[in-house]
Amino acid sequence: MSLYDTAQFVISAAKLEGLPEETVPEIAFAGRSNAGKSTSINVLTRKNRLAFASKTPGRTQLINFFGLSQKKDDGTREDVAMLVDLPGYGFAKANEDTRKSWSRLVGGYIAQRQAMTGLVIVMDARRPFMPTDEWLIDFMAERPNVRMHWLLNKADQLKNQEKAVTLRKAKARAAEIGPHVTVQLFSGMKKTGTDELMDVLNSWLQTQ
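Residues numbered from 1 in each chain as written. Predicted model: local features only at pLDDT ≥ 70, side-chain atom pairs only at ≥ 80, totals over all residues. Heavy atoms only, no water.

Participant: I keep staring at a negative patch on the surface and nothing clicks. Help me out?
Facilitator: Taken together, the side chains of Asp73, Asp74, Glu78 and Asp79 make up a negatively charged region of the molecular surface. Mapping Asp73 onto the fold places it in the loop between strand S3 (63-71) and strand S4 (77-85). Look at Asp73 and you get exposed, because its relative accessible area is 88%. (Patch = residues over 30% accessible without salt bridge, like charges linked within 9 Å, V, L, I, M, F, W, Y side chains within 5 Å. Areas by Shrake-Rupley, 256 points an atom, 1.4 Å probe, with all protein chains shown as cover. Salt bridge = Lys/Arg side-chain N within 4 Å of Asp/Glu carboxyl O. Lys, Arg positive; Asp, Glu negative; His and termini not counted. Charge placed at Lys NZ, Arg CZ, Asp CG, Glu CD. Helix = DSSP H or I, 4+ residues; strand = E, 2+ residues; numbered from the N terminus. Buried < 20%, exposed > 50% of the residue type's maximum accessible area, 1.4 Å probe, protein only.)

Participant: Whenever I open this one, helix H1 (residues 37-45) confuses me. Can you help?
Facilitator: Helical geometry: 3.6 residues make up each α-helical turn, so side chains three or four residues apart lie on a common side. Among the nine residues that make up H1, eight are buried, leaving the element largely enclosed by the rest of the structure. If you check which residues of H1 are buried, you get Lys37, Ser38, Ser40, Ile41, Asn42, Val43, Leu44 and Thr45. Structurally, H1 contributes buried residues whose contacts are with strand S2 (26-31), S4, strand S5 (116-124), strand S6 (147-153) and helix H5 (194-206). Positive phi shows up at Arg46, right after H1, with a value of about 55°. (Contact = heavy atoms within 4.5 Å.)

Participant: Can you walk me through the pairing of S2 in this structure?
Facilitator: Looking along a regular strand, one sees the side chains alternate between the two faces of the sheet. Burial within S2 is extensive, with six of its six residues counted as buried. By the alternation rule, side chains of S2 split into Glu26, Ala28 and Ala30 and Ile27, Phe29 and Gly31, which are all buried. Looking at chain direction, S2 and S4 are connected through four bridges and run parallel. Across the sheet, Phe29 pairs through a bridge with Asp85, a residue of S4. Of the strand pairs in this sheet, S2 and S5 are connected by six bridges, and their pairing is parallel. If you follow Glu26 over to S5, its bridge partner there is Met116. (Pairing = 2+ DSSP bridges.)

Below, the structure is given as structure tokens:
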């Protein structure tokens, strides 16, 4: 059983004031509402409904925390890390108040959360680097010590040559930002790329 199999819901926060204490490293997941962020978390943790996706983009405005635990010598379990599911940023149908709320909540978490050791940005491999993705990537320039992993989801819907081109371009873009940014192809539907994702996240936690 992997560490990610132990994921259990801890708390949801609608405001920065409601965030839990920073006691363990946190790995955050962000992405457009249709990029498959929730599916990626569910595949990683092997739990079908751990993370929920709203059918209405921009509807779910909560930061959700999931504890990853290890067994102690006395048989009890303690959290050693957190997976953090950030609200999706699909704003085609969202009103201005919703967009501002998202920016305050997610922007505040990303800018201020010292426990965030890394950020996974889930993008649709067929349409990566949309304007909202770019906003988040640019925002992360303020925190160069926090690792980033670009998860190019839905890669199963690309032909092999398209996969190669997409990955090459994404890696070139990552190299421009710095060695703290990594990239991979992924398919939540086919559950391919999960081991590679785990290896990346494990490397983040081992350096804490």
